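Residues per chain are reported as follows:
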Amino acid sequence: MAIKVMSVFGTRPEAIKMAPLVLELSRRGGIESSVCVTAQHREMLDGVLGVFGIRPDYDLNIMKSGQTLADITSRVLEGLSGVFAQARPDLVLVHGDTTTTFAAALAAFYAKINCGHVEAGLRTHDRWSPYPEEMNRQLVGRLASMHFAPTAHNAENLAREGITKGVFVTGNTVIDALEYTAHGEGFESPELNALDFSGRRVITLTCHRRENYGAPMEHIFAAVRRTAIENPDVLVVYPVHMSPVVRGAAHKCLDGVQNIALIEPLSAVDMHRLMARSYIVMTDSGGLQEEAPALGKPVLVLRGETERPEAVEAGTVEIAGTSEEKIVSLARELLCNRAVYERMAHAVNPYGDGQASRRIADAIEYAFKLRGEAPEAFSP
Ligand code: UD1
Ligand code: UDP
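Here we summarise the structure given alongside this text. Quick caveat, the model's predicted, so the values are computed rather than measured. (Residues numbered from 1 in each chain as written. Chains lettered and ligands numbered in written order. Predicted model: local features only at pLDDT ≥ 70, side-chain atom pairs only at ≥ 80, totals over all residues. Heavy atoms only, no water.)

**Some words on the site of ligand 2**
- For ligand 2, the set of nearby residues contains 18 residues, the closest of which are Arg12, Leu266, Gly286, Gly287 and Glu291.
- Arginine 209 has a polar side-chain atom sitting 3.0 Å from an oxygen atom of ligand 2.
- Leucine 266 is positioned such that a nitrogen or oxygen atom in its backbone is 2.8 Å from a nitrogen atom of ligand 2.
- When the free accessible area of ligand 2 is taken as 530 Å², the share hidden by the protein chains comes to 95%.
- Along the lines of polarity and charge, the residues of the shell around ligand 2 split into nine nonpolar, six polar and three charged. (Near = heavy atom within 4 Å. Polar contact = N/O pair within 3.5 Å; in protein donor to acceptor, adjacent residues only side chain to side chain. Areas by Shrake-Rupley, 256 points an atom, 1.4 Å probe, with all protein chains shown as cover. Nonpolar A, V, L, I, M, F, W, Y, C, P; charged D, E, K, R; others polar.)

**What about the side chain of serine 267?**
- Its place among the elements puts serine 267 in the loop between strand 10 (260–263) and helix 11 (268–276).
- Only 3.2 Å separates the side chain of serine 267 from the side chain of glutamate 188, close enough to count as a polar contact. (Helix = DSSP H or I, 4+ residues; strand = E, 2+ residues; numbered from the N terminus.)

**Description of the sheet that holds strand 9 (residues 234–239)**
- Taken in spatial order, the six strands line up as 10-9-8-11-12-13 in an open sheet, and their pairing is parallel. Whereas interior strands pair on both sides, the edge strands pair on one side only; in this sheet they are strand 10 and strand 13 (317–319). Averaged over all pairs of adjacent strands, the angle between strand axes in this sheet comes to 20°, irrespective of strand direction.
- Relative to strand 9, strand 8 (residues 201–206) is paired through four bridges, and the arrangement is parallel. Each residue of the ladder has a partner; that of valine 202, found in strand 9, is leucine 235. (Pairing = 2+ DSSP bridges. Axes fitted to C-alpha atoms, helices over the stretch in contact; angles between N-to-C directions.)

**Regarding the packing of helix 1 (residues 12–26) against helix 16 (residues 356–367)**
- Orientation of helix 1 relative to helix 16, taken along the N-to-C sense of each, is 50°, at an axis distance of 9 Å. Taken together, helix 1 and helix 16 sit at an angle that is classed as oblique. As for the relative orientation of helix 1 and helix 16, their crossing is right-handed in sense. Of the residues in helix 16, those touching helix 1 at Pro20, Leu21, Glu24 and Leu25 are Ser357, Arg358, Ile360, Ala361 and Ile364.
- For the contact of helix 1 with helix 16, the per-class residue count stands at six nonpolar, one polar and two charged. (Parallel < 35°, antiparallel > 145°, perpendicular 65-115°, else oblique. Left-handed = near helix turned anticlockwise from the far one by under 90°. Contact = heavy atoms within 4.5 Å.)

**So, the site of ligand 1**
- Taken together, 26 residues sit near ligand 1, with Gln40, His41, Glu43, Glu133 and Arg210 positioned nearest.
- Within the side chain of arginine 210, a nitrogen or oxygen atom sits 2.7 Å from an oxygen atom of ligand 1.
- At the level of secondary structure, the elements contributing two or more residues to the shell around ligand 1 comprise helix 2 (43–52) and helix 3 (69–87).
- When the residues that make up the shell around ligand 1 are grouped by side-chain class, the tally is nine nonpolar, 11 polar and six charged.

**Some remarks on the sheet that holds strand 6 (residues 146–149)**
- If you walk across this open sheet you meet the seven strands as 3-2-1-4-5-6-7, and the pairing is parallel. Every other strand in the sheet has two partners, leaving strand 3 (58–59) and strand 7 (167–169) as the edge strands with one partner each.
- The sheet contact formed by strand 4 (residues 91–95) and strand 5 (residues 114–118) spans five bridges and is parallel. Residue pairing across strands places leucine 93 opposite glycine 116, the latter belonging to strand 5.
- Sitting on the sheet, helix 1 touches strand 1 (3–9), strand 2 (31–37), strand 4 and strand 5, and the angle it makes with strand 1 is about 165°.
- Packed onto the sheet, helix 16 meets strand 1, strand 2, strand 4, strand 5, strand 6 and strand 7 and runs at close to 155° relative to strand 6.

**Looking at the pairing of strand 8**
- For strand 8, the tally of buried residues reaches five of six residues, placing the bulk of the element in the interior.
- A crossover links strand 8 with its parallel partner strand 9, the connecting element being helix 9 (residues 215–230), and its sense is right-handed.
- Summarising the sheet, strand 8 and strand 11 (residues 280–283) pair through four bridges and their orientation is parallel. Looking at the pairing, threonine 204 lines up with valine 281 of strand 11. (Buried < 20%, exposed > 50% of the residue type's maximum accessible area, 1.4 Å probe, protein only. Right-handed = clockwise from strand over helix to strand, strands pointing away.)

**Let's talk about helix 16**
- With 12 residues, helix 16 extends 16 Å from end C-alpha to end C-alpha; this agrees with the ideal 16 Å at 1.5 Å per step.
- Extensive coverage of helix 16 is indicated by the burial of nine of its 12 residues.
- Three or more residues of helix 16 are buried, namely Ala356, Ser357, Arg359, Ile360, Ala361, Asp362, Ala363, Ile364 and Glu365.
- Downstream of helix 16 by a residue or two, lysine 369 has a phi angle that is positive, lying close to 60°. (Expected span 1.5 Å × (residues − 1).)

**Re the side chain of glutamate 305**
- Along the chain, the position of glutamate 305 falls in the loop between strand 12 (299–301) and helix 13 (310–313).
- Assessed through its relative accessible area of 17%, glutamate 305 is described here as buried.
- For glutamate 305, the side chain forms a polar contact with the side chain of serine 129, separated by 2.5 Å.
- Once residues within four sequence positions are removed from consideration, glutamate 305 is found in contact with Thr124, Ser129, Pro130 and Ile319.

**Quick look at the packing of aromatic side chains**
- In the structure shown here, the tally under the stated rule is eight aromatic pairs.
- Ring centres of phenylalanine 109 and tyrosine 110 lie 6.2 Å apart, and the angle between their planes is 45°; this geometry places the pair in the tilted category.
- The class of tyrosine 110 is exposed, set by a relative accessible area of 56%.
- Following the ring pairs from residue to residue traces out a cluster consisting of Phe148, Phe168 and Tyr366.
- The side chain of arginine 201 reaches across the aromatic face of tyrosine 279, ending 5.0 Å from its centre.
- The aromatic ring of phenylalanine 197 is capped on one face by arginine 277, whose charged end is 4.5 Å from the ring centroid. (Phe/Tyr/Trp six-rings, centres within 6.5 Å; stacked < 30°, edge-to-face > 60°. Lys NZ or Arg CZ within 6 Å of the ring centre and 35° of its normal.)

What follows is the structure, given as C-alpha cells:
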C-alpha cells in the first residue's frame, strides 16, 4: 500500500520551495501525495500555486488582514486537527520557519503523526532575530522526526542540538524551483512592462520582516531613497509585500522619487527574471539570499544577521544591517567601485544543485522501507 505523505504550507516562500517537492512526490508510485494549504497568505500563495499548477486537496483559508501570530497559530492548529483526523497521513511535511510551519508540526505531534522538516537546521542562535522565525525553526527541530537539511552546515547545527537521527543533507529546493521559473525572457506583470529599463542599473528591493517593523524599516527605506537620488541611472524596483504595516511604511518613505518603483507582488516567474536582470539585490528576505547568488547577483542583506552564512562566506552576500549610513555606503561602493562589484558578482550555488526534491523523496522512501539505500548527501 502506498504511504500517505501530506505537504502542509501557507505562505509564498513555503509554496515556492515546496512546489518542486510536491511535483516530485506525485511522480513516485509508492507515495500517495496530498497538499493542505493553510492560506496564511491568500493572494501571494495562490499566485505560486498557479505557476506550478498545484491544486490543494485541503484549504484552511485562515488569512485575516493584520493577523497576529496567535491568530495564525490557533487557526492552523484547529483546522489541521480536523484534516489529519480525516486524511490520516503517515507523514506530514512542513517547510522552513513560518508560523504555519510551527503550528503544523505541533498539530502533527498532537495527532501522533510523523513530521518531516524541509529546510531544517538553519540557525542564527538569536531567539529574537529573525522573529519569530528562529524560534519556529528550533521548535520544529524538536517536533520533527525527519530533518531535510539543505547544507552540511545546517546538519551540524542540528547535531549541536542533539538532533542526529533522521537527518539528510539534501540541498535546498529553492534551486530546484529556479529551474522551473528563471529561464526565458519577458515579464507578465504590466507594471514591470511599463518600466523603462534601458541603460539603467536595476536594484531589486524587498523588505517585509517583522523584526524590521518600525524604526529599522524606516532607516532601510531612508537609505534606499538616498541611494536612488544619488544615482540617477539606478532604477529601484520594489514589489511591496501585502502586509499593511509594510505597505504603509513603504509608501510613506519612498513615494515621490522618480527612479523608485513600488509595484504589486510579482509572480515567482517575474521575480526570478527581474533578479536575473538586476545589478544588485537588496533584501531582508530569506529566499532571495539563496536565489540571487545562484543568479550571480550581489546581495546586501537588510538585517543584522543571517541564518544563511554560506553565500556570505562565498563573498556574494554582505550583511548590511539596518543602519541608514552603513546601507548607503555599502550600496555606494557596489555602484561606484567596479572591482568591489566584480568581486561579489559571480554565480555561486552553496545551497543546492537542483536535486533536492529528488533526494528528499528518496529519503522518505528509504525511511518507509520502499528503497534500500539512503540518498547521497548534497555537496556543493
Ligand atoms: C510571513 C512569515 C515570514 C515570511 C513571510 C513571507 C510568519 C510569522 N512570518 O510573514 O516568515 O518571511 O510570510 O512573505 O509566519 N497579506 C495579504 N495577502 C497575502 C499575504 C499577506 O493581504 O497574500 C497581508 C495580510 O494583511 C496579513 C499580512 O499581510 O495579515 C501579514 O501576513 P503574515 O503571514 O502574518 O506575515 P508576513 O509578514 O507575510
Ligand atoms: N518573491 C516573489 N514575488 C515577489 C517577491 C518575492 O515571487 O514579489 C519570491 C522570491 O523570489 C522568493 C520568495 O518569494 O522565492 C521569498 O519570499 P519572501 O521574501 O516573501 O519570504 P522569505 O524568503 O523572507 O521567507
